Structures are given as structure tokens and as C-alpha cells.
Amino acid sequence: MKQKLEWVKTSDPLHPLRTKAEGKELRLRIGDFPEESMYTLLVDNQEVTEFDDWPKAWVRPR
């Protein structure tokens, strides 16, 4: 995703980051790296993709 997204922390240890885009809820799940990908992106509770490198257009929470 090249769209700018600003992520916020959650209290859910399985999905510690979330945001919204185009009316959909996006959540990130942290994988057991290096055996698994670092992140899994879920859109409306559906796994969409796995990736290791944080996209440059995404803003991490502080």
C-alpha cells in the first residue's frame, strides 16, 4: 500500500496496531519473525498480505 496511513496502538496484543482507510478497518498482526513474516495486514478481519518491511508512506504510532 502506498497510501499514507497513520496507525494507532491498540490494547489487543494479537493485533497491536489499527487504522481506517476508505471506510475499512485495517489491523496489523505481528508475526513470529524470522519463521513468519514480520506483519500480516488484515482488512475487515480478512488476511490480505504478509510483509517484512514497513511501508514508507505509513506512519508508526508514537
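*Asks:* Would you explain the sheet that holds strand β5 (residues 39-43) in this entry?
*Replies:* Backbone hydrogen bonds hold the strands of a sheet together, and the pairing may be parallel or antiparallel. Taken in spatial order, the five strands make up an open sheet running β2-β3-β4-β5-β6, and their pairing is antiparallel. The open sheet terminates on both sides in strands that have one partner only, identified here as β2 (8-9) and β6 (46-51). Looking at chain direction, strand β4 (residues 24-30) and β5 are connected through five bridges and run antiparallel. Counted as the bridge partner of arginine 27 is leucine 42 from β5.

*Asks:* I tried to follow the packing of aromatic side chains on my own but got confused; where do I start?
*Replies:* One pair of aromatic rings is described through two measures. These are the centre distance and the angle between the planes. A full pass over the atoms with the stated rule returns six aromatic pairs. For the ring pair tryptophan 54 and tryptophan 58, a centre distance of 5.5 Å and an interplane angle of 85° mean the geometry is edge-to-face. For tryptophan 54, a relative accessible area of 15% gives the class buried. Three or more aromatic residues joined by ring pairs make a cluster, and in this case those are Trp7, Tyr39, Phe51, Trp54 and Trp58.

Reading the values: the criteria
- Residues numbered from 1 in each chain as written.
- Predicted model: local features only at pLDDT ≥ 70, side-chain atom pairs only at ≥ 80, totals over all residues.
- Heavy atoms only, no water.
- Pairing = 2+ DSSP bridges.
- Helix = DSSP H or I, 4+ residues; strand = E, 2+ residues; numbered from the N terminus.
- Phe/Tyr/Trp six-rings, centres within 6.5 Å; stacked < 30°, edge-to-face > 60°.
- Buried < 20%, exposed > 50% of the residue type's maximum accessible area, 1.4 Å probe, protein only.

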